[in-house]
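Chain and residue survey
If you want the building blocks of each chain, they are given just below.
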Amino acid sequence: MRSTRHVVIDEKDPELGHYSDPPLLVLASLSNGPKHGHAMIEDILRLCGTRLGPGTLYGAIARLERQGWIEPLPAEERRRPYRITTEGLRVLRARLATLQQFIKAGVGRLGAL
Amino acid sequence: MNVTLARLLTRLYPRAWRERYGAEFEALLVDGQGGLRASTDVVWSALCERMHPTQGGKMDRDPRSFGAIVRHPSALIPMAMSLIALMLVLGPIAIYGPPVREPDEGAMAHLWQILMAGQLPVLAFFAIKWLPRAPKSTLAVLALQAGAVLAAMAPVFYFNL
């Protein structure tokens, strides 16, 4: 999957490292119900303080849809909501489990300093 | 972001991408925050999309559109069979001239019959699968398939084979 980390905008502090995996952020945002683009941006901002740019968001949406991890719902006026698929949920769980292991190990190492 | 700028930025994306996501993306740009960061993000993403298009350089349009449905094997196979059947009739005519009707139909005639009859189950499968999902596009494809069948049958009746 194409990396789009260079175009992620962190509103809290651009100097600090921020989480920038747009596809994972989109999957996480859709895990509690269908959302259209604008709602996803706002939800991800609340979730981790990262504001995805519109191009970055749709880059992730297009690829997630191609992979069958999210699917479009009928458009509401010009906005189209998306929902996560069963396969997308499986992928999200697996990725979060890996991240959890990584965080645990990382925090453990920091604690040993 | 104002509508004109949103439209302009959306046009930076490849046509196939715009056909699928253009309207909703433009709506997102109009609803969202404008500014240099958002515009730069769109320009960069459009450039990336042009360099590394989603799914090998072409995006499916609406999966229920004529263009998408006609690409399914169950739509293409009957048309290919009709085309082969047509070539089986026209090929020998082009080489040897109009044939004379004989009691023994010959291998070519049997092959023609197999091709024409063999496509019927595929046609039925296609109609059963796609008519409920996308009636309009499916009818258009069925019309195309019927045209191919008629084209394959036309020389047989014309030459009274």
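Note that residues are indexed from 1 along each chain, following the sequence as it is written. By the order in which they are written, chains take letters starting at A while ligands take numbers starting at 1. It should be noted that, the model being predicted, local features are given only for residues of pLDDT at least 70 and side-chain atom pairs only at 80 or more, the latter also being counted only at that level, while totals for whole chains, interfaces and linings use all residues. The side-chain quantities take in all heavy atoms of the structure and omit both hydrogens and water.

1. Comments concerning the packing of helix 1 (residues 22–30) of chain A against helix 4 (residues 86–111) of chain A
The relative placement of two packed helices comes down to the angle between their axes together with the axis-to-axis distance. All names here are of chain A. Direction vectors running N to C along helix 1 and helix 4 enclose 115°, while the axes themselves pass 10 Å from each other. Seen along the crossing, helix 1 lies across helix 4 with a hand that is left-handed. Contacts from L24, L27 and A28 of helix 1 reach helix 4 at G88, V91, L92, R95 and L99. Residues that form the contact of helix 1 with helix 4 fall into these classes: six nonpolar, one polar and one charged. Comment: axis = line fitted to C-alpha atoms, over the contacting stretch for helices; angle = value between 0 and 180 degrees taken between N-to-C directions. The numbering of helices and of strands both runs from the N terminus, where a helix is a DSSP run of H or I of at least 4 residues and a strand a run of E of at least 2. Helix crossings fall into two classes, left-handed where the near helix is turned counterclockwise from the far one by less than a right angle and right-handed where it is turned clockwise. Should any heavy atoms of two residues lie within 4.5 Å, those residues are considered in contact. Under the convention adopted here, Pro, Cys and the residues Ala, Val, Leu, Ile, Met, Phe, Trp and Tyr are nonpolar, Asp, Glu, Lys and Arg are charged, and Gly plus all remaining residues are polar.

2. Let's talk about the nonpolar core
If you look at the biggest cluster of nonpolar residues, it comprises 33 residues, and the most contacted ones within it are V26, L27, L57, Y58, I61 and Y82 of chain A. For this core, the elements supplying multiple residues, two or more each, are helix 1, helix 2 (37–48), helix 3 (54–67), strand 4 (82–84) and helix 4 of chain A together with helix 1 (3–10), helix 2 (15–31) and helix 3 (35–51) of chain B. Per element, the largest residue contribution to this core is six residues, and it comes from helix 3 of chain A. The nonpolar core is taken to be a set of buried Ala, Val, Leu, Ile, Met, Phe, Trp, Tyr and Cys residues, with the residues joined through side-chain atoms within 4.5 Å. Only protein chains enter the accessibility calculation, which uses a 1.4 Å probe; a residue is then buried when its area is under 20% of its type maximum, exposed when over 50%, and partly exposed in between. Residues M81, V89, L115 and A152 of chain B belong to the second largest nonpolar core, which totals twelve residues.

3. Regarding the interface of chain A and chain B
Frequently, the measure chosen for interface size is the accessible area removed from exposure when the parts meet. In this assembly, 26 residues from chain A lie in contact with 28 residues from chain B. Around 2,200 Å² of area is buried between chain A and chain B when both sides are counted, 54% of it from carbon and sulfur atoms. By convention, the term buried area covers the 1.4 Å-probe accessible surface removed from two parts as they join, with the contributions of both added. When residues of chain A are sorted by the area they lose upon contact with chain B, Y58, R66 and R78 of chain A head the list and together hold 32% of the total. Whenever Lys or Arg places a side-chain nitrogen within 4 Å of a carboxyl oxygen from Asp or Glu, that contact is recorded as a salt bridge. Viewed at the interface, chain B and chain A are joined by five salt bridges. Between E26 of chain B and R78 of chain A there is a salt bridge; the shortest N-O distance is 3.5 Å. N or O atoms closer than or at 3.5 Å make up a polar contact, with two conditions inside protein: a donor-capable atom paired with an acceptor-capable one, and, for residues adjacent in sequence, both atoms drawn from side chains. In this structure, the connection of chain A to chain B is made through 13 residue pairs in polar contact (both at pLDDT 80 or more). Of all the elements in the fold, those that place two or more residues in the side of chain A that touches chain B are strand 1 (9–10), helix 2 and helix 3 of chain A. By residue number, the principal contributor to the side of chain A that touches chain B is helix 3 of chain A, which donates ten residues. Tallied by class, residues from the side of chain A that touches chain B come to ten nonpolar, six polar and ten charged.

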